[in-house]
Amino acid sequence: MATLTWHGHSCFMLEHDGTRILIDPWIDENPTADIKSGDVGTVDYILVSHGHFDHFADCVKIAKQTDATVVSTFELVQFCQKQGVKNGHGMNIGGAYLFPFGRVKLTPALHTGSIAGDEDGTHTTDCCGFLISLDGGPSIYHAGDTALIMDMQLLQGRVDVAILPIGDNFTMGPEDAARAVEMIQPEVVIPMHYNTFEVIQQDPEGFRQMVGDAARVEVLEPGGVYEA
Ligand code: NI
Ligand code: MN
């Protein structure tokens, strides 16, 4: 069994067999977050989909505070290490690696990239999602920030829980996210990246209706927990 706790926007804590994996940590300045970064507790890994502030802002701070290993695209991990982060594991899109807790594969995401805090802009960043196949547990797809892309068809049959953005404007909106569900065919879908900013206001119940019988939609409140 695994638990997923939503801390608002795209930030989730995934716990499985005593391993704690934090995804896209933007907490302290996130108006919808239920905690502060100082209260995050132990963290073993931090997975970061891209360098935009609303996914990355608290990564370096929490990595230093917890000695967590940052897992992301190669350049973003390099940037973290230059900021003093001790443990990093750089990867690239399409590549997978077997960690002690399970297999992580970086999936394509169609979005733009820059790194918050990279003042001279020397570190470009491509955006990714994560397919996390927990050892003896479910497979969880965190899509990151992305448009609807045909590549999502490649995930069909490989995902138990899909975490998809529905906010529109910066990412897929509800209609495209519902089409993503048709392509991926997960058992459960959890919407994210909505109702944080004015331009990404969405009603998750409308998304639930669009998904229909294609998957079970679990709508969480910040601080809410889903047991996978
Ligand atoms: Ni972004
Ligand atoms: Mn974003």
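Relevant structure appears above.
What you are looking at is a predicted structure, and each value in this text was computed from that prediction instead of being measured.

**A look at helix H2 (residues 59-66)**
Along H2, the positions that sit buried rather than exposed are Cys 59, Val 60, Ile 62, Ala 63 and Thr 66. Angular distribution of buried residues about the axis of H2 spans 170 degrees; they occupy a single face of the element. On its buried face, H2 is in contact with strand E3 (19-23), strand E4 (45-47), helix H1 (53-56), strand E5 (69-73) and helix H3 (74-82). Looking one or two residues past H2, Asp 67 carries a phi angle of roughly 65 degrees, positive in sign.

**Concerning the coordination of the manganese ion (ligand 2)**
Distances from the manganese ion (ligand 2) to its protein donors, Asp 54 (OD), His 55 (NE2), Asp 145 (OD) and His 193 (NE2), fall at 2.1 to 2.2 Å. The sequence motif formed by the donor residues of the manganese ion (ligand 2) is D-H-x89-D-x47-H. The distance between the manganese ion (ligand 2) and the nickel ion (ligand 1) comes to 3.3 Å, and Asp 145 binds to both of them.

**Considering the packing of helix H4 (residues 174-184) against helix H5 (residues 204-211)**
Two quantities define a packed helix pair, namely the angle between the axes and the distance from one axis to the other. Direction vectors running N to C along H4 and H5 enclose 40 degrees, while the axes themselves pass 9 Å from each other. In terms of axis orientation, H4 runs oblique to H5. Where H4 crosses over H5, the two elements pack in a sense that is right-handed. Only Phe 207, Met 210 and Val 211 of H5 make contact with H4, whose side of the interface consists of Pro 174, Glu 175, Ala 177, Ala 178 and Val 181. For the contact of H4 with H5, the class distribution of residues is 7 nonpolar, no polar and 1 charged.

**What about the sheet that holds strand E13 (residues 216-217)?**
Across the sheet, which stays open at both edges, the 7 strands sit in the order E7-E8-E9-E10-E11-E12-E13 with mixed pairing between neighbours. The sheet is open, and its two borders are formed by strand E7 (96-99) and E13, each paired with just one other strand. Note: strand E12 (residues 188-192) against E13, 2 bridges, orientation parallel. Note that in E13 the partner of Val 188 across the bridge is Arg 216. The strands that H4 touches are strand E10 (139-142), strand E11 (161-165) and E12; relative to E11, the one it contacts most, it runs at about 155 degrees.

**What about the coordination of the nickel ion (ligand 1)?**
Looking at the nickel ion (ligand 1), one finds its protein donor set to be His 50 (NE2), His 52 (ND1), His 111 (NE2) and Asp 145 (OD), positioned 2.2 to 2.3 Å from the metal centre. Classification of the site at the nickel ion (ligand 1) rests on its 4 donor atoms, whose angles at the metal span 88 to 176 degrees, yielding the label irregular. Of note, the nickel ion (ligand 1) draws all its donor residues from one chain, in the sequence arrangement H-x1-H-x58-H-x33-D. What makes His 111 partly exposed here is its relative accessible area of 21%. By relative accessible area, which is 2% here, Asp 145 ends up buried.

Rules used throughout
- All chains use their own residue numbering, which begins from 1 and follows the written sequence.
- Think of it this way: whatever chain is written first is A, whatever ligand is written first is 1, and the rest follow in order.
- Owing to the predicted nature of the model, reporting of local features is limited to residues with pLDDT of at least 70; listing and counting of side-chain atom pairs is limited to 80 or more, with chain, interface and lining totals taken over all residues.
- The side-chain quantities take in all heavy atoms of the structure and omit both hydrogens and water.
- When a residue's accessible area, from a 1.4 Å probe over protein chains only, is under 20% of the maximum for its type it is buried; when over 50% it is exposed; and in between it is partly exposed.
- The helix count covers DSSP runs of H or I at least four residues long, the strand count covers runs of E at least two residues long, and both are numbered beginning at the N terminus.
- The arc in question is formed by the directions pointing from the helix axis toward the C-beta atoms.
- Should any heavy atoms of two residues lie within 4.5 Å, those residues are counted as being in contact.
- Metal donors were taken as nitrogen, oxygen and sulfur atoms no farther than 2.8 Å from the ion, or 3.2 Å where the ion is Na, K or Ca. Water is excluded, so coordination may look unfinished.
- Note on method: axes are straight lines fitted to C-alpha atoms, helices fitted across the in-contact stretch only, with angles between N-to-C directions ranging 0 to 180 degrees.
- Here the word oblique covers every angle except those under 35 degrees (roughly parallel), over 145 (roughly antiparallel) and from 65 to 115 (roughly perpendicular).
- With the far helix as reference, a near helix turned anticlockwise by less than a right angle produces a left-handed crossing, and one turned clockwise produces a right-handed crossing.
- Residue classes follow a fixed rule: Ala, Val, Leu, Ile, Met, Phe, Trp, Tyr, Cys and Pro count as nonpolar, while Asp, Glu, Lys and Arg count as charged, and any other residue, Gly among them, counts as polar.
- Two strands qualify as a pair provided DSSP detects at least 2 bridges between them.
- Just to be clear on the cut-offs, tetrahedral is four donors with all angles between 85 and 135 degrees, square planar is four donors and octahedral six with opposite donors over 155 degrees apart and all others between 65 and 115, and anything else goes down as irregular.

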